[in-house]
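Results of the structural survey
Below are the chains, spelled out letter by letter.
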Amino acid sequence: MTTSSTLFIGLGKMGLPMARRHAAVFPTYVYDVDPGAVECLSSETGITGLPSLSVIPPDINTVILMLPNSHIVESVLVGSEPPGLMQRLTEGSLIIDMGSSEPESTRSLAGSAAALGIHFTDAPVSGGVAKALEGQLSIMIGGTPEAIYLSEPHLKAMGSHILVVGPSGAGHAAKALNNLLSATNLAAAAEVLCVAQAQGIDPETMINVINASTSRSQASEFKYPKHILTGTFDSGFAMDLMIKDLKIAMGLIQDQNLHAPVTAAANDAANEARNTLESEDPDHTELARYYENINGSKLRSATSHAPSIQEQDFDHG
């Protein structure tokens, strides 16, 4: 009997540990535009790397994508040079897009795949690099019931929480909206801390108050103690990626003519922060640094330290 294999495309900060986890369960080929990333994973694990996508092994019946944006996803799947993978996969194959793509593009690609008899799901992730390394990602999946059923074994190799959220595009919509709320929590906490500091309350003390009270959030419980109060701003999730997700989420709001002034203000603050921060590639937690700058505050504490318990960031990936 011919064995079936998966082609995993995209070996960035998130994709590399995800591919490693997947390959421990399923026969897997890997590809990335950076040959060094392919060589690194191949030499470490013995996984077969492909030098290009111009020719793919005939036993591939599943493609997993962990790519930066919809434009790149479209070029890989339906591009002309080389011919898109969608035209070269056999009927009954499965495509899983695990990046943060645009729901409208996802729905279009899913429709094109269905016309060719190919299953398609969008399954973006949350949890960051640490959870990817552990195989403990949260994964939001959208698609037809059959496509979701076929995808779940692959996703379970990489995640511990598989959340079925709706039809094609719903997974990508849920991811963008989650990150919009996460950015809103991050910005709101920064504003409150600046006011608290002006009232003589140490930022760490105020964070302790928040975390013991009704306003606590993942930002206050993890990002502020570990990445902001310490002054490290090193969560590993770039502000540019956060802003990309915010743009997707705001597009969903605008398309439906919905009223969302609070999250819109957070989106504006994030974009203003990106335009004014001096860092070339700022971490998304540097949104708090932006509030420091405009308010003349310094949200650090001499006694602050990273949490000793193992907490992880659940809004990026």
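These numbers come from a predicted model, not from an experiment. (Residues numbered from 1 in each chain as written. Predicted model: local features only at pLDDT ≥ 70, side-chain atom pairs only at ≥ 80, totals over all residues. Heavy atoms only, no water.)

**Points about the packing of helix H8 (residues 170–198) against helix H9 (residues 203–211)**
Rules: Here, axes are lines fitted to C-alpha atoms. For helices the fit covers the stretch in contact, and angles between N-to-C directions go from 0 to 180 degrees. Strands here mean DSSP runs of E at least two residues long; helices mean DSSP runs of H or I at least four residues long; both are numbered from the N terminus. Our angle categories are set so that under 35 degrees counts as roughly parallel, over 145 as roughly antiparallel, 65 to 115 as roughly perpendicular, and the remainder as oblique. Handedness of each helix crossing follows the sense of rotation of the near helix against the far helix: counterclockwise by less than a right angle gives left-handed, clockwise gives right-handed. Contacts were defined at the residue level, with two residues in contact if any of their heavy atoms lie within 4.5 Å. Polar here means any residue other than Ala, Val, Leu, Ile, Met, Phe, Trp, Tyr, Cys and Pro, which are nonpolar, and Asp, Glu, Lys and Arg, which are charged; Gly is therefore polar.
At a minimum axis separation of 9 Å, H8 and H9 run at an interaxial angle of 125°. It follows from the interaxial angle that H8 and H9 lie oblique. Two packed elements cross with a definite hand, and for H8 against H9 that hand is right-handed. Residues Val192, Leu193, Ala196 and Gln197 of H8 pack against Pro203, Met206, Ile207 and Ile210 of H9. Of the residues in the contact of H8 with H9, the class split is 7 nonpolar, 1 polar and no charged.

**Some remarks on the pairing of strand S9 (residues 159–166)**
To keep it simple, the criterion reads: For two strands to count as paired, DSSP must find a minimum of two bridges between them.
With 6 bridges connecting them, strand S8 (residues 137–142) and S9 associate as parallel partners. Following the sheet pairing, isoleucine 141 is matched in S9 by valine 164.

**Things to note about helix H7 (residues 145–156)**
To keep it simple, the criterion reads: What a helix should span is 1.5 Å times the count of its residues minus one. Partly exposed describes any residue whose relative accessible area lies between the buried limit of under 20% and the exposed limit of over 50%, with all areas from a 1.4 Å probe on protein chains only and scaled to the type maximum. In this context, the arc is that of the directions from the helix axis out to the C-beta atoms.
With 12 residues, H7 should reach 16 Å at 1.5 Å per residue; the first-to-last C-alpha distance of 16 Å fits that figure. All of the buried residues along H7 are Ala147, Ile148, Ser151, His154 and Leu155. Angularly, the buried residues of H7 cover 115° about the axis, an arc narrow enough to put them on a single face. Opposite the buried face of H7, by more than 90 degrees, sit the exposed residues Pro145, Tyr149 and Lys156.

**With respect to the pattern of salt bridges**
Our working rule: Any carboxyl oxygen of Asp or Glu within 4 Å of a side-chain nitrogen of Lys or Arg constitutes a salt bridge here.
Tallied over the entire structure, the rule returns 5 salt bridges. One salt bridge in this structure joins lysine 131 and glutamate 134, with 3.9 Å as the shortest N-O distance. Residue lysine 131 and its partner glutamate 134 are located together in helix H6 (residues 128–134), separated by 3 residues, close to a single helical turn. For glutamate 134, a relative accessible area of 34% corresponds to the partly exposed category. Arginine 289 is the partner of glutamate 286 in a salt bridge, and the nearest nitrogen-oxygen pair spans 2.9 Å.

**Digging into the UniProt feature "active site" (unreviewed entry) in the chain**
Worth spelling out the cut-off: UniProt positions are given in the numbering used here, feature names are shortened, and annotations may be inferred rather than shown by experiment. Whenever a nitrogen or oxygen atom comes within 3.5 Å of another N or O atom, the pair is scored as a polar contact, on the condition that within protein one atom can donate a hydrogen and the other can accept it, and that pairs from neighbouring residues in sequence are kept only if both atoms are in side chains.
Within this numbering scheme, the UniProt entry marks Lys175 as carrying the feature "active site" (unreviewed entry). Topologically, lysine 175 is positioned in helix H8. By relative accessible area, lysine 175 is classed as buried at 1%. One polar contact links lysine 175 to serine 100, side chain to side chain, over a distance of 3.0 Å.

**Comments concerning the domain arrangement of the chain**
What counts, and what does not: Each domain's extent was defined by an automatic or database domain assignment. Here the quantity called buried area is the accessible surface, traced with a 1.4 Å probe, that two parts lose on coming together, added over both.
Partitioning the chain into structural domains gives domain 1 (5–167) and domain 2 (173–295). Taking only C-alpha atoms into account, the centre of domain 1 sits 29 Å from that of domain 2. Counting from both sides, the interface comprises 12 residues of domain 1 and, opposite them, 9 residues of domain 2. When domain 1 packs against domain 2, the two sides together hide about 790 Å² of surface, and 59% of this comes from carbon and sulfur. The largest contributions to the domain 1 side of the interface with domain 2 come from Ser100, Pro103 and Met140, which together make up 50% of the buried area. The interface formed by domain 1 and domain 2 contains 0 salt bridges. Our count for the domain 1 to domain 2 interface comes out at 4 residue pairs in polar contact (both at pLDDT 80 or more).

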